[in-house]
Amino acid sequence: ETSERHANVVLIPGDGIGPEISDAVIGILDAAGARIDWVRCEAGGEVFKRGDASGVPAETVEAIRRCGVALKSPLATPLGRGERSANVTLREKLKTFAAVRPVRTLAGIRSPAAHVDLVLIRENYEDLYIGMEYDLGEGVLAALKVNSERNTRTICRTAFDIARSQRRRHVTGISKSNILKKTDGMFDRIFDEEAARAHGIESGKLLVDAAACRLVQTPERFDVIVTSNLYGDILSDLTAGLAGGLGLAASVNLGRGVAMFEAVHGSAPDIAGRGTANPTALLRAAVLMLDHLGLHDAAGRIEAALALVFGEGRVRTADLGGSASTSEFARAIVEALERAE
Ligand code: NAD
């Protein structure tokens with residue numbers, strides 16, 4: 001290990017199945033020897049109930065800024081009471097400029113693609129998501145797509161940095177610059193500038209429509225992908241689908257000095273409290289977090305245990321056609337940690 005000291009990490013147990021899957025994940029990290037001091041913080045359901053319409057107390061935001069790292073379970077968004085999504089509040093308060101979603105096929109999990117191992121980096125603040133829409137009258141509506149040079153450069157640079165740190169070889173920049181000549185034209189230009197600075201890493205550009213087709217036909221040829229908010233939103237679900245679905249996908253939201261790791265799925269209120277939820281997506285988020293903290297040994301051991309348990313296919317939760325409970329699945333992973341050594 002690179003560090004003998006304990007890492008401080010904010011844990012948000014979250015709503016619905018959140019507490020069940022986070023308990024399972026904490027137990028597995030502990031068994032894998034990861035030395036982590038969890039700083040438990042609130043966000044989501046309980047906070048809304050207390051009347052805080054943002055869903056995120058100031059102490060939670062401060063704790064994440066202080067620790068720099070958080071593991072977040074899904075947060076429920078109350079419907080129709082004027083509250084905002086606690087997830088959106090967190091992203092805004094922490095100014096997370098990029099969402100990074102690694103996608104890897106797992107042996108034993110049925111997926112449309114045989115082999116995928118890629119990382120998709122999506123701009124996370126601006127573009128069509130700034131929420132500025134206008135009624136121009138006479139049945140005509142408009143939405144503003146806003147892209148800044150600064151954020152575009154930050155995400156392109158982040159993509160090449162991630163490629164370098166993960167020893168990946170190729171970065172694809174995706175836009176629609178044939179139609180959106182100014183906004184997406186700027187994306188292409190900045191992507192090329194960052195590519196020219198990144199020695200030893202290959203790069204190429206694709207239009208988003210062609211990229212969608214190639215991702216389905218030859219997903220194994222992609223390595224790192226970087227794109228703006230809307231295209232990234234759509235393509236990241238496509239790539240997650242290629243590798244077996246949203247239920248197994250993890251992501252990290254990156255800001256300056258903060259990294260918030262999470263499962264892509266929601267709080268699954270339909271199965272909450274039954275002890276049947278699949279903790280794999282949050283566990284994969286925790287593995288990314290361990291790598292981020294430099295705890296590569298524990299990360300590698302958990303990856304190996306996951307591969308072993310899914311490869312054998314005996315212990316699975318109900319969403320994957322099995323009958324194991326959350327805690328039975330977690331026990332199988334802990335037991336596999338020893339065998340996988
Ligand atoms: P969901 O992902 O919670 O559930 C969709 C379906 O997948 C459900 O049938 C659920 O049982 C199943 N599922 C999801 N995760 C599972 C797991 N780990 N194991 C087994 N089955 C699982 O999506 P939804 O129902 O649209 O949203 C529910 C709540 O979650 C909403 O309040 C929504 O706002 C919130 N949400 C939060 C996040 C987040 O915190 N990042 C993301 C998406 C949705």
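Computed from a prediction, not measured in an experiment: that's the story for all the values here.

**Observations regarding the overall build of the protein chain**
Step number 1: Per the secondary structure count, the protein chain includes 11 helices and 12 strands.
Step number 2: Overall size of the protein chain, expressed as C-alpha extent along the three principal axes, is 55 × 50 × 40 Å.
Step number 3: Every one of the 341 residues in the protein chain was classed for burial, and the buried ones make up 46%.
Step number 4: Taking the intrachain contacts of the protein chain between residues at least 6 apart in sequence as the baseline, contacts between residues at least 24 apart amount to 75%.

**Some words on the packing of helix 1 (residues 18-31) against helix 11 (residues 326-339)**
Step number 1: At a minimum axis separation of 10 Å, helix 1 and helix 11 run at an interaxial angle of 15 degrees. Taken as axis vectors, helix 1 and helix 11 run roughly parallel relative to one another. The crossing of helix 1 and helix 11 is right-handed. Between helix 1 and helix 11, the residues in contact are Glu 20, Ile 21, Ala 24, Gly 27, Ile 28 and Ala 31 and Thr 326, Ser 327, Ala 330, Ile 333, Val 334 and Leu 337, respectively.
Step number 2: For the contact of helix 1 with helix 11, the class distribution of residues is 8 nonpolar, 3 polar and 1 charged.

**Here's the deal with the pairing of strand 7 (residues 140-143)**
Step number 1: As paired elements, strand 6 (residues 133-137) and strand 7 share 4 bridges and run antiparallel to each other. Across the sheet, residue Glu 133 finds its bridge partner in strand 7, namely Ala 143.
Step number 2: What sits between the antiparallel neighbours strand 6 and strand 7 is a turn of 2 residues, in which Glu 138 has the positive phi angle 55 degrees.

**With respect to the pairing of strand 2 (residues 36-40)**
Step number 1: In terms of strand pairing, strand 1 (residues 7-12) meets strand 2 through 5 bridges, oriented parallel. In the sheet register, Leu 11 faces strand 2, and the bridge partner there is Arg 40.
Step number 2: Once the chain exits strand 1 it traverses helix 1 before rejoining the sheet at strand 2, and the crossover so formed is right-handed.

**What to know about the nonpolar core**
Step number 1: Core analysis: the largest hydrophobic core is formed by 95 residues, its most contacted members being Ile 121, Phe 261, Ala 285 and Ala 286.
Step number 2: Contact partners of Ile 121, with chain neighbours within four places excluded, come to Ala 98, Val 100, Ile 155, Thr 158, Ala 159, Ile 162, Val 224, Ile 225 and Val 226.

**Some remarks on the site of the ligand**
Step number 1: The ligand sits among 20 residues. The nearest are Thr 77, His 265, Gly 266, Ala 268 and Asn 278.
Step number 2: Residues belonging to the shell around the ligand are distributed by class as follows: 10 nonpolar, 7 polar and 3 charged.

**A few points about the packing of helix 1 against helix 9 (residues 280-292)**
Step number 1: Look at helix 1 against helix 9: their axes get within 9 Å of each other, and the N-to-C directions meet at 45 degrees. In terms of orientation, helix 1 lies oblique with respect to helix 9. Two packed elements cross with a definite hand, and for helix 1 against helix 9 that hand is right-handed. Contacts from Ile 21, Ser 22, Val 25, Ile 28 and Leu 29 in helix 1 reach Leu 282, Leu 283 and Ala 286 in helix 9.
Step number 2: Residues of the contact of helix 1 with helix 9, tallied by class, amount to 7 nonpolar, 1 polar and no charged.

**A short note on the sheet that holds strand 1**
Step number 1: In space, the 10 strands of this open sheet follow the order 2-1-3-12-11-4-5-10-8-9, with mixed pairing throughout. Edge positions in the open sheet fall to strand 2 and strand 9 (202-207), since each of these has one partner strand only. For this sheet the average axis-to-axis angle between neighbouring strands, irrespective of direction, equals 25 degrees.

**Quick word on helix 10 (residues 296-312)**
Because an α-helix completes one turn every 3.6 residues, residues spaced three or four positions apart along the sequence face the same direction.
Step number 1: Its 17 residues place the ends of helix 10 24 Å apart at the C-alpha level, agreeing with the 24 Å of an ideal helix rising 1.5 Å per residue.
Step number 2: For helix 10, the set of buried residues is Ala 298, Ala 299, Arg 301, Ile 302, Ala 305, Leu 306, Val 309 and Phe 310. Buried residues of helix 10, seen end-on, are gathered within an arc of 165 degrees and therefore sit on one face of the element.
Step number 3: Turning to helix 10, the residues buried within the fold contact helix 1, helix 9 and helix 11.

**Focus: unusual backbone geometry**
Step number 1: Positive phi values are uncommon outside glycine, yet Arg 167 reaches one of about 55 degrees.
Step number 2: Along the chain, Arg 167 falls in the loop between helix 5 (149-165) and strand 8 (170-175).
Step number 3: Look at Arg 167 and you get exposed, because 6 C-beta atoms sit within 10 Å.
Step number 4: Positioned with a positive phi, Ala 268 is a non-glycine residue whose angle comes to about 45 degrees.

**Details of helix 3 (residues 58-67)**
Step number 1: Every buried residue belonging to helix 3 is among Thr 60, Val 61 and Ile 64, and all of these are buried. All buried residues of helix 3 fall inside an arc of 100 degrees around its axis, so they share one side. Counted as exposed and oriented over 90 degrees from the buried face of helix 3: Ala 58, Glu 59 and Arg 66.
Step number 2: Contact partners of the buried residues in helix 3: strand 1, strand 3 (69-72), helix 4 (86-94) and strand 12 (258-263).
Step number 3: Where helix 3 terminates, the next one or two residues include Gly 68, which has phi positive at roughly 80 degrees.

The rules behind these values
Residues numbered from 1 in each chain as written. Predicted model: local features only at pLDDT ≥ 70, side-chain atom pairs only at ≥ 80, totals over all residues. Helix = DSSP H or I, 4+ residues; strand = E, 2+ residues; numbered from the N terminus. Buried ≥ 20, exposed ≤ 12 C-beta atoms within 10 Å, placed from the backbone. Contact = placed C-beta atoms within 7 Å. Axes fitted to C-alpha atoms, helices over the stretch in contact; angles between N-to-C directions. Parallel < 35°, antiparallel > 145°, perpendicular 65-115°, else oblique. Left-handed = near helix turned anticlockwise from the far one by under 90°. Nonpolar A, V, L, I, M, F, W, Y, C, P; charged D, E, K, R; others polar. Pairing = 2+ DSSP bridges. Right-handed = clockwise from strand over helix to strand, strands pointing away. Core = buried A, V, L, I, M, F, W, Y, C linked by C-beta atoms within 7 Å. Near = placed C-beta within 6 Å. Expected span 1.5 Å × (residues − 1). Arc of directions from axis to C-beta.

Keep in mind that these numbers describe shape and distance, not what the molecule does.
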